[in-house]
Amino acid sequence: MPGFAYAALAVVGAVAVLNLVLTLALARRLREVRAGHAHDGEPVPEVLPAAGLEVSGFAHADLTAGRRTVVLLTPTCPPCQTLLDDLTADERHRHDTLVLMVGTPEETAQMAPRLAGFDTATISEQLAEREFQVKGFPAVLSVVDGVVVDASHQLPVPA
């Protein structure tokens, strides 16, 4: 019987050591991601534009004067649907928000009726990346006089 106890103790010890090794590996990986590096040492790509990006040449809306909130949504991403719910639930977002539906008109057709009262446009993903440097959705940009001053995946708190 003592042989079984030693074997059980050895198995428990091995599992504990394996658990410790995996936990340390996970902690190291999280530090790398927070530092902006992927597991192979390459930088993690930015999915939102940096502050200072000029977007005054955007053809679908005049962003050159005043403050605008630009929201980019795709019809297939669940976080976009949640943000769309939040956006349409609060009337205070309607006065200065431009909603860009990313996809084809057929893909965004179900989104459009929910955005009645908003300034909207349908654009391609390539245009979103080229004009706004957005590669991850949803994206919420604060634009002042044609320049991005803040970018997030959350709606700003209306004043």
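Everything numeric here is computed off the predicted structure, so don't read it as measured data.

(A) The arrangement of the environment of A112 in detail. By secondary structure assignment, the location of A112 is in the loop between β2 (97-102) and β3 (119-123). For A112, a relative accessible area of 35% corresponds to the partly exposed category. Between the C-alpha atoms of A112 and M101, which are eleven residues apart in sequence, the distance is 8.1 Å.

(B) Molecular detail of the state of the cysteines. Summed over all chains, the structure comprises one disulfide. Between C77 and C80 runs a disulfide, and the two sulfur atoms are separated by 2.1 Å. Taking the sign of the S-S torsion, 100 degrees for the link of C77 and C80, the bridge is right-handed. When its relative accessible area of 1% is taken as the criterion, C80 is described as buried.

(C) Focus on unusual backbone geometry. Backbone torsion omega between F137 and P138 reads 0 degrees, so that peptide bond is classified as cis. Residue placement: P138 occurs in the loop between α3 (125-132) and β4 (139-144). With a phi angle near 55 degrees, Q133 is a residue other than glycine that sits in the positive phi range. Tracing the backbone shows Q133 in the loop between α3 and β4. With a phi angle near 50 degrees, D145 is a residue other than glycine that sits in the positive phi range.

(D) Inspection of the pairing of β2 at higher detail. Of all the six residues making up β2, six are buried; the element is thus mostly covered by neighbouring parts of the structure. What you see with β2 is no split at all: T97, V99 and M101 on one side and L98, L100 and V102 on the other are buried throughout. Two elements, strand β1 (residues 67-73) and β2, share five bridges in a ladder whose sense is parallel. Looking across to β2, one finds that V70 is bridged to L98. With respect to chirality, the unit in which β1 leads through helix α2 (residues 78-89) into the neighbouring parallel β2 is right-handed.

(E) Representation of the pattern of salt bridges within the structure. In total, this model carries five salt bridges according to the counting rule given. The residue R92 makes a salt bridge to D90 at a minimum N-O spacing of 3.0 Å. Overall, the relative accessible area of 19% leaves D90 in the buried class. Across the pair E91 and R94 runs a salt bridge, and its minimum N-O distance is 3.1 Å.

(F) Here's a closer look at the sheet that holds β4. Taking strand neighbours across the sheet as the criterion, the five strands line up as β3-β2-β1-β4-β5 in an open arrangement whose pairing is mixed. What marks the edges here is a single partner per strand, and that holds for β3 and β5 (147-152). Strand after strand, the sheet turns through a mean of 25 degrees between neighbouring axes, direction not considered. Sheet topology places β4 next to β5; five bridges connect them, and they run antiparallel. By the bridge assignment for β5, V144 is matched with V147. Along the sheet, α2 makes contact with β1, β2 and β4, crossing β1 at roughly 140 degrees.

(G) Just the nonpolar core, in detail. In terms of nonpolar packing, the biggest core is built from 36 residues, with F58, V70, L72, L100 and F132 touching the most fellow members. Counting residues per element, this core draws most heavily on β2, which supplies five residues. Ignoring anything within four residues of it in the chain, the contact list for L100 reads F58, V70, V71, L72, L73, A121, I123 and F132.

Basis of the calculations
- Here, residues in each chain are numbered from 1, in the same order as that chain's written sequence.
- At least 70 in pLDDT is required for a residue's local features to be given in this predicted model, at least 80 for side-chain atom pairs to be given and counted, and no such filter applies to totals for whole chains, interfaces and linings, which use all residues.
- Each side-chain value is derived from all of the structure's non-hydrogen atoms; neither hydrogens nor water enter the calculation.
- Every helix listed is a DSSP run of H or I at least four residues long, and every strand listed is a run of E at least two residues long, numbered separately from the N terminus.
- Residue exposure (1.4 Å probe, protein chains only): buried if accessible area is under 20% of the type maximum, exposed if over 50%, otherwise partly exposed.
- Any two cysteine sulfur atoms lying within 2.5 Å of each other are counted as a disulfide.
- Strands qualify as paired when DSSP identifies two bridges or more between them.
- Classification remark: right-handed applies to a crossover when, strands pointing away from the viewer, the course from the first strand over the helix to the second runs clockwise.
- A pairing counts as a salt bridge when a side-chain nitrogen of Lys or Arg comes within 4 Å of a carboxyl oxygen of Asp or Glu.
- Working convention: axes come from line fits to C-alpha atoms, limited for helices to the stretch in contact. Angles between N-to-C directions cover 0 to 180 degrees.
- Residues are treated as being in contact if the distance between any of their heavy atoms lies within 4.5 Å.
- The set of buried Ala, Val, Leu, Ile, Met, Phe, Trp, Tyr and Cys residues whose side-chain atoms join them within 4.5 Å is what this entry labels a nonpolar core.

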